[in-house]
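Listed below are the residues making up each chain.
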Amino acid sequence: RQVANKLGVNYSNFKEYVRGERTMPVSVFEKLAAPLDEAKKEKFLSSARFLDSNWGMVKGGQKGIAVVRAKYGEEYLQMLRQRGGFGSKNRPQPDTSKQIIVPEKVTPEIAELLGVYLGDGTITEYLMRISADKRFDRNYFEYLSALVEQNFGIKSRIKEEAHTNQLSLEIRSKKFVDYFRETFFLKVGDKIRNQSKIPEFILGNDELAKACLRGLMDTDGSFSRRSSYLCMAFTSYSPVLLDQVYELGKRFGYFSYKVKGQTGSNSWKRLQKYFAEVGSSNLRHIIRFDQRLKNNRFLYQLDTLKYFPEYENLVVPYLS
């Protein structure tokens with residue numbers, strides 16, 4: 001009952017959510033996920049099934065057809081269809097899916113979007129959702145939204161949760177999702193269980209590989225203060241993806257270690273090399289590196305907030 005009250009939902013409805021008897025609104029689902037750490041939140045979100053916005057109308061229509069069939073028979077139902085009732089299959093139906101620009105080739109920007117998805121995203125058959133922290137990532141999401149529009153011709157939606165730090169970027173387009181699934185061999189559902197990974201054709205192209213690595217590090221990576229030095233790390237519960245990121249980092253001379261669930265480096269020289277060749281599109285990472293580079297300041301993540309006005313007009317991706 002306390003959880004239901006905190007979520008602002010009816011207790012009886014909440015019990016039905018718990019028992020799986022009622023479909024949960026997305027807003028309630030996101031409130032439940034909000035307190036989790038990023039890794040658990042990603043696993044939680046990627047295991048969910050998101051229904052299309054008109055699922056209730058479709059379900060109601062199917063029930064209506066079943067009632068008519070049971071009461072009057074199949075012959076009467078076919079007569080209604082011939083007259084145009086129940087959305088006759090013989091009538092041309094309007095295409096309500098969003099039109100997109102289908103890119104002729106995979107650009108570094110699209111490879112970066114792939115890295116963002118592999119780091120902090122989830123897909124259903126109809127949308128891609130990226131999750132982040134509204135305190136730090138609104139500028140970053142505006143950048144990603146611009147990438148989507150420039151490369152695919154569709155607008156994204158940035159959703160901010162009122163009572164949590166949850167921020168979501170949603171690209172609602174089946175054709176957009178289909179492009180990513182077909183081009184990068186992705187599956188709907190849990191990325192870890194599906195062993196989602198960087199395709200070989202991305203790994204084999206240095207420019208695309210670095211752009212993809214930037215997307216991965218800007219979402220599931222960190223540039224953290226440890227005592228009196230700055231280090232970088234990529235964290236993942238996917239052994240397949242972690243191995244790929246480690247091999248990439250080692251190949252280019254950025255990463256020097258791999259432990260369970262994490263790869264990265266504590267070397268300032270390697271970190272400088274990373275920012276010179278890969279860079280970042282996420283202000284919280286850029287600020288921490290730039291302040292260390294120029295002013296020898298070691299900032300904690302919360303410390304970066306006061307520097308955001310100084311960097312908000314910076315052109316990204318930023319390379320040192």
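Residues numbered from 1 in each chain as written. Predicted model: local features only at pLDDT ≥ 70, side-chain atom pairs only at ≥ 80, totals over all residues. Heavy atoms only, no water.

**Points about helix α9 (residues 174-184)**
Spelled out, the test is: Exposed residues in this analysis have more than 50% of their type's maximum accessible area, buried residues have under 20%, and partly exposed residues fall in between, with area computed by a 1.4 Å probe over protein chains only. In DSSP terms, a helix is any run of H or I states spanning at least four residues, a strand is any run of E spanning at least two, and both are numbered starting from the N terminus. In this description, contact between two residues means that some pair of their heavy atoms is separated by no more than 4.5 Å.
Listed in full, the buried residues belonging to α9 are F176, V177, D178, Y179, F180, T183 and F184. Tucked inside the fold, the buried residues of α9 contact α7 (108-120), β1 (121-123), β2 (127-133), α8 (138-152), β4 (166-172) and α10 (200-203).

**Let's talk about the sheet that holds strand β7 (residues 257-259)**
Definition in use: For two strands to be treated as a pair, DSSP must find at least two bridges joining them. Geometry is summarised by axes, namely lines fitted to C-alpha atoms with helices restricted to the contacting stretch, and by angles between N-to-C directions that run from 0 to 180 degrees.
Pairing is antiparallel in the open sheet, where four strands are placed in the order β5-β6-β8-β7. Every interior strand has two partners, whereas the edge strands, β5 (221-226) and β7, have only one. The average undirected angle you get between the axes of adjacent strands in this sheet is 30°. Sheet topology note: the β5/strand β6 (residues 229-235) ladder contains six bridges and is antiparallel. Each bridged residue has a counterpart across the sheet, and for S222 the counterpart in β6 is A233.

**Observations regarding the sheet that holds strand β3 (residues 157-160)**
Reading across the sheet, the four strands line up as β1-β2-β4-β3 and stay open at both edges, with antiparallel pairing between neighbours. Edge positions in the open sheet fall to β1 and β3, since each of these has one partner strand only. Taking the axes of each pair of neighbouring strands and ignoring which way they run, one obtains an average angle of 20° across the sheet. Across three bridges, the pairing between β1 and β2 is antiparallel. Looking at the pairing, T122 lines up with R129 of β2. Across the sheet, α8 touches β2, β3 and β4, and the angle it forms with β4 is around 5°.

**Examining the packing of aromatic side chains**
Formally: Paired rings are identified among Phe, Tyr and Trp, the last through its six-membered ring, by centres lying within 6.5 Å, and are further divided according to the angle between planes into stacked (under 30 degrees), edge-to-face (over 60) and tilted (the rest). Lysine and arginine charges are scored as sitting over a ring when NZ or CZ, respectively, is within 6 Å of the ring centre and within 35 degrees of the ring normal.
Scanning the entire structure with this criterion turns up 18 aromatic pairs. With 5.2 Å between their ring centres and 70° between their planes, F152 and Y179 make a pair best called edge-to-face. With F152 in helix α8 and Y179 in helix α9, this pair connects stretches of sequence that are 27 residues apart. Owing to a relative accessible area of 0%, F152 belongs among the buried residues under this scheme. Seen from their ring centres, F152 and F180 are 6.0 Å apart, and the 40° between their planes marks the pair as tilted. Residue F152 is found in helix α8, and its partner F180 is found in helix α9; the two are separated by 28 residues along the sequence. Here the two residues F152 and F180 agree in accessibility, since each one is buried. Taken together, the ring pairs connect F223, F252, Y254, W268, Y274, F275, F289 and Y318 into an aromatic cluster. One residue, K191, lies across the ring of Y117, its end atom 5.1 Å from the ring centre.

**A word on the environment of A276**
When you line up the elements, A276 lands in helix α13 (residues 268-277). Since its relative accessible area comes to 38%, A276 is described here as partly exposed. Separated by 44 residues in the primary sequence, A276 and S320 have C-alpha atoms spaced 4.8 Å apart. When near neighbours in sequence (up to four residues on either side) are disregarded, A276 contacts L319 and S320.

**Regarding the pattern of salt bridges**
For clarity, the threshold we go by: Any Lys or Arg side-chain nitrogen found within 4 Å of a carboxyl oxygen on Asp or Glu counts as a salt bridge.
Summed over all chains, the structure comprises 17 salt bridges. Of the charged contacts, one joins R214 and E112 as a salt bridge, the two residues approaching to 3.2 Å between their closest N and O atoms. In this pair, R214 is assigned in helix α11 (residues 206-220) and E112 in helix α7, connecting sequence segments 102 residues apart. You can call E112 buried: its relative accessible area is 1%. Among the salt bridges present, the one from K155 reaches E149, with a minimum N-O distance of 3.0 Å. One continuous salt-bridge network, built from bridges that share partners, spans R129, K159, E170 and R172.

**Comments concerning the pairing of β3**
Sheet analysis places β3 next to β4, joined by four bridges and oriented antiparallel. Residue pairing in the sheet places R157 in a bridge with E170 of β4. Here β3 hands over to β4 after five residues, the two strands then running antiparallel side by side.

**Quick word on the confidence of the model for the chain**
Applied cut-off: Residue-level confidence of the predictor is what pLDDT reports, using numbers from 0 through 100.
Confidence along the chain averages 87 in pLDDT terms, with 83% of residues attaining 70 or more. Residue range residues 86-96 is modelled with pLDDT below 50. Its contacts to residues more than four positions away, or to other chains, number 10 contacts.

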